[in-house]
Amino acid sequence: MARVVIVYHSGRGHTEALAKAALEGAESVPGVTAACIPAAEAMKRIAELDAADAMIFGCPTYMGSGSSEFKKFMEATSRLWSELRWKDKLAAGFTNSGSQSGDKLVTLIQLAVFAAQHGMLWVSLGLLPGNNASTASIEDLNRLGSFLGAMGQSNVDQGSDVAPPPADRATARHLGARVAALALRFAR
Ligand SMILES: Cc1cc2nc3c(=O)[nH]c(=O)nc-3n(C[C@H](O)[C@H](O)[C@H](O)COP(=O)(O)O)c2cc1C
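Source: prediction; values computed, not measured. (Residues numbered from 1 in each chain as written. Predicted model: local features only at pLDDT ≥ 70, side-chain atom pairs only at ≥ 80, totals over all residues. Heavy atoms only, no water.)

> With reference to specific residues and values, describe the overall build of the protein chain.
When helices and strands are tallied, the protein chain shows seven helices and seven strands. Ordering the α and β elements of the protein chain from the N terminus gives β-α-β-α-α-β-β-α-α-β-α-β-β-α. Compactness check: the protein chain gives a C-alpha radius of gyration of 15 Å against a globular reference of 16 Å for 188 residues, within 12% of the reference. Seen through its C-alpha atoms, the protein chain measures out along the principal axes to roughly 50 × 35 × 25 Å. A burial count over the protein chain gives 49% of its 188 residues as buried. Within the protein chain, contacts between residues separated by at least 24 positions form 77% of all contacts whose residues are at least 6 apart in sequence. Carbon and sulfur atoms make up 55% of the accessible area of the protein chain, which totals about 8,600 Å². Looking at charge distribution, the protein chain has the averaged site of its 18 positive side-chain charges lying 5 Å from that of its 17 negative ones. (Helix = DSSP H or I, 4+ residues; strand = E, 2+ residues; numbered from the N terminus. Rg over C-alpha atoms; globule rule 2.2 N^0.38 Å. Buried < 20%, exposed > 50% of the residue type's maximum accessible area, 1.4 Å probe, protein only. Contact = heavy atoms within 4.5 Å. Areas by Shrake-Rupley, 256 points an atom, 1.4 Å probe, with all protein chains shown as cover. Lys, Arg positive; Asp, Glu negative; His and termini not counted. Charge placed at Lys NZ, Arg CZ, Asp CG, Glu CD.)

Have a look at this one:
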């Protein structure tokens, strides 16, 4: 058995759609249970984080880095950091923004460094890039061509019912399933 927890922030629901997709992916792996925890609640649910074998962090990219709401959570974990409480747990991440790039990589790097500060083991996306050839399509898995984590892009004039599109949700689902499968290997 292994447990995966997804800690996320979302201002208008777009990034939450990726969190839910990652949850679906994690739960699709037999022997794994999973939950989504909004970043604003995470410090009140520390026991759940402590009990997890893997954590997936996600937040929107705002002004070229992770949202301040998620950063609040990151900073609030500093007392756990000083005990290296989450050392050797698996970690992974996702982000979403309005532009195709939008500097999302900065956010994924921020999440990976955060995980490293906690002594966690970062799990990459594990997919080749999609949508990068004349025969490819925006419906491809990993259509935004990320390696460090899952990326989503949400048109700024669309609600979270349609944005991010299915390919990005499927990419986040893949990440959830990958982390869950690896968590099973690592779980004591
Ligand atoms: C304060 C603010 C800053 C933003 N900065 C960026 C940015 O740097 N790059 C980008 O592509 N989109 C940016 N956006 C667009 C959001 O990333 C986009 O609307 C995203 O889908 C929001 O996700 P959410 O609904 O989970 O909050 C910004 C939006 C806001 C509100």
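> Describe the pairing of strand β5 (residues 90–97), listing the residues and the values that go with them.
Of all eight residues in β5, eight are buried, a share of seventy percent or more. Burial along β5 is two-sided: Leu90, Ala92, Phe94 and Asn96 and Ala91, Gly93, Thr95 and Ser97, pointing in opposite directions, are all buried. Where strand β3 (residues 54–62) lies against β5, seven bridges are found, and the strand directions are parallel. When the bridges of β5 are listed, Ala54 appears paired with Leu90. Note: β5 against strand β6 (residues 121–122), two bridges, orientation parallel. From the neighbouring strand, Leu90 faces β6, where its bridge partner is Leu121. Relative to strand β7 (residues 150–153), β5 runs parallel, the two sharing four bridges. (Pairing = 2+ DSSP bridges.)

> So what about the pairing of β3? Which residues, and what values?
Put simply, side chains in a regular strand alternate between the two faces of the sheet. Of all nine residues that make up β3, eight are buried, and the element is covered over most of its length. Bridge count for strand β1 (residues 2–8) against β3 is five bridges, and the pairing is parallel. Considered in β3, the bridge of Val4 is made with Ala54.

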